[in-house]
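# Structural features, examined
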Amino acid sequence: MSSTEQRRLEVLRAIVADYIATKEPIGSKSLVDRHNLGVSSATVRNDMAVLEAEGYITQPHTSSGRIPTDKGYRQFVDHIAEVKPLSGAERRAIMEFLENGVDLDDVLRRGVRLLAQLTRQVAMVQYPTVTASTVRHLEVVALNPARLLLVVITDTGRVDQRLVELGDVVSEEDLAALRGMLGKAMDGKRLGAASAAVAELPEHAPAKLRDVLVRVSTVLVETLVEHPEERLVLGGTANLTRSASDFAGNGFPGSLRSVLEALEEQVIVLKLLAAAQQPGTVTVQIGEETKVEQMRGTAVVSTGYGVTGTVLGGMGVLGPTRMDYPGTIASVAAVARYIGEVLAER
């Protein structure tokens, strides 16, 4: 990059930083006053003219200053030299807060709440997908001779409890045989494979256990199959109202109303999080890069969370394109990392 290109990048960085901070169009005089750019106002005006011609900034009104475009934000994000790390106190507070989660649901809800507070944006987290979860243990508890409690525990910390009415009394000997068959079919298998194995059990079971296994397997398959309505947790939606003026007019693509409506569609949110493929890599989608018409005017910062190198799901934040990208990237990366660490210990 030539010295002239580097200087123009510095001018763009200054415009983005000031616009995020002030929400006001930025003029050349204010840039010279606020930033040590080492050049004259005339040079800065010339650089701004070039940046505008190249589509990195635009003039919203005649005689006003300039604001970044989506292309300008992308250039800014792509050239972030370093992300401001969280302080030691912030990291300890995050870890302690997440560690106090009683189960997977609580940990994810806490993570979303934290992320929304840290970034002042909408926070989103996807539940661990079926393809990524493995059955760690199945507990079969006889509440009485004709009723069972099934407890399914996965390696992601998910715990599901289901009651099964057997319709008849089952002996201790038959119950032990049932435990053995179910454990062999499920333990250590991914949820999809475990579901298929359980569904086949009644066909090969002894006649006296067939009816019981049909009831038990029906409940277990229902438990193991992924429920789309339970796949997401959102938090901080009200934060968008603080940035209502960043969105277009009401009723148009990219307006606050259309963004809020799109957030209600889980398929859209899951699509936005799908860009996060691996822990430690933060993805930033800006404006039209989201490929969702209703999300025009928004930016999504997301990553994957997981344990031992396995991605369990995606998480991130959504807000207006005028957001604190370095701070948001740092917060998303930190919360995702600590959620992975908490789940790995369980």
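Report on the accompanying structure. (Residues numbered from 1 in each chain as written. Predicted model: local features only at pLDDT ≥ 70, side-chain atom pairs only at ≥ 80, totals over all residues. Heavy atoms only, no water.)

Tallying secondary structure elements over the protein gives 12 helices and 10 strands in all. Taken against the 2.2 N^0.38 rule, which gives 20 Å for 346 residues, the C-alpha radius of gyration of the protein at 26 Å runs more than 25% over that of a compact globule. Across its three principal axes, the protein shows a C-alpha extent of roughly 90 × 45 × 30 Å. Here the protein holds 346 residues, and the buried ones make up 48% of them. Intrachain contacts of the protein at a sequence separation of at least 6 include 59% that bridge at least 24 residues. (Helix = DSSP H or I, 4+ residues; strand = E, 2+ residues; numbered from the N terminus. Rg over C-alpha atoms; globule rule 2.2 N^0.38 Å. Buried < 20%, exposed > 50% of the residue type's maximum accessible area, 1.4 Å probe, protein only. Contact = heavy atoms within 4.5 Å.)

What follows is about the packing of aromatic side chains. Applying the stated rule across the entire model yields 2 aromatic pairs. With a centroid separation of 5.7 Å and 50° between ring planes, the pair formed by Tyr73 and Tyr325 is classed as tilted. Of this pair, Tyr73 sits in helix H4 (residues 70–78) while Tyr325 sits in helix H12 (residues 325–344), placing them 252 residues apart in sequence. Each of the two residues, Tyr73 as well as Tyr325, counts as buried. Consider the rings of Phe76 and Tyr325, whose centres lie 6.5 Å apart with planes at 55°: the pair is tilted. (Phe/Tyr/Trp six-rings, centres within 6.5 Å; stacked < 30°, edge-to-face > 60°.)

Another aspect to go through is the sheet that holds strand E5 (residues 147–154). Pairing is antiparallel in the open sheet, where 3 strands are placed in the order E4-E5-E6. Both outer strands of the open sheet, strand E4 (135–144) and strand E6 (159–165), are each paired with one neighbouring strand and no more. Each adjacent strand pair in this sheet contributes to an overall mean axis angle of 20°, direction not counted. Two strands pair when backbone bridges link them, and E5 and E6 are joined in this way by 7 bridges, in the antiparallel orientation. Across the sheet, Leu150 pairs through a bridge with Arg162, a residue of E6. Along the sheet, helix H7 (residues 172–186) contacts E4 and E5; its crossing angle with E4, the most-contacted strand, is approximately 160°. (Pairing = 2+ DSSP bridges. Axes fitted to C-alpha atoms, helices over the stretch in contact; angles between N-to-C directions.)

We now examine a nonpolar patch on the surface. A contiguous nonpolar surface patch, about 240 Å² in accessible area, is contributed by Val141, Leu143 and Leu163. The topology assignment puts Leu143 in strand E4. (Patch = residues over 30% accessible without salt bridge, like charges linked within 9 Å, V, L, I, M, F, W, Y side chains within 5 Å. Areas by Shrake-Rupley, 256 points an atom, 1.4 Å probe, with all protein chains shown as cover. Salt bridge = Lys/Arg side-chain N within 4 Å of Asp/Glu carboxyl O.)

If you check which residues of helix H11 (residues 266–273) are buried, you get Ile268, Val269, Leu270, Leu272 and Leu273. If you follow the buried residues of H11, they end up packed against strand E3 (122–126), strand E7 (232–235), helix H10 (256–263), strand E8 (283–286), strand E9 (298–307) and strand E10 (310–320).

Before going further, it helps to spend a moment on the environment of Ala262. As for its position among the elements, Ala262 is in helix H10. Look at Ala262 and you get buried, because its relative accessible area is 1%. When the C-alpha positions of Ala262 and Met295 are compared, they lie 7.5 Å apart, and in sequence the two are 33 residues distant. What Ala262 contacts, discounting residues up to four positions off in sequence, is Ile268, Val269, Gln294 and Met295.

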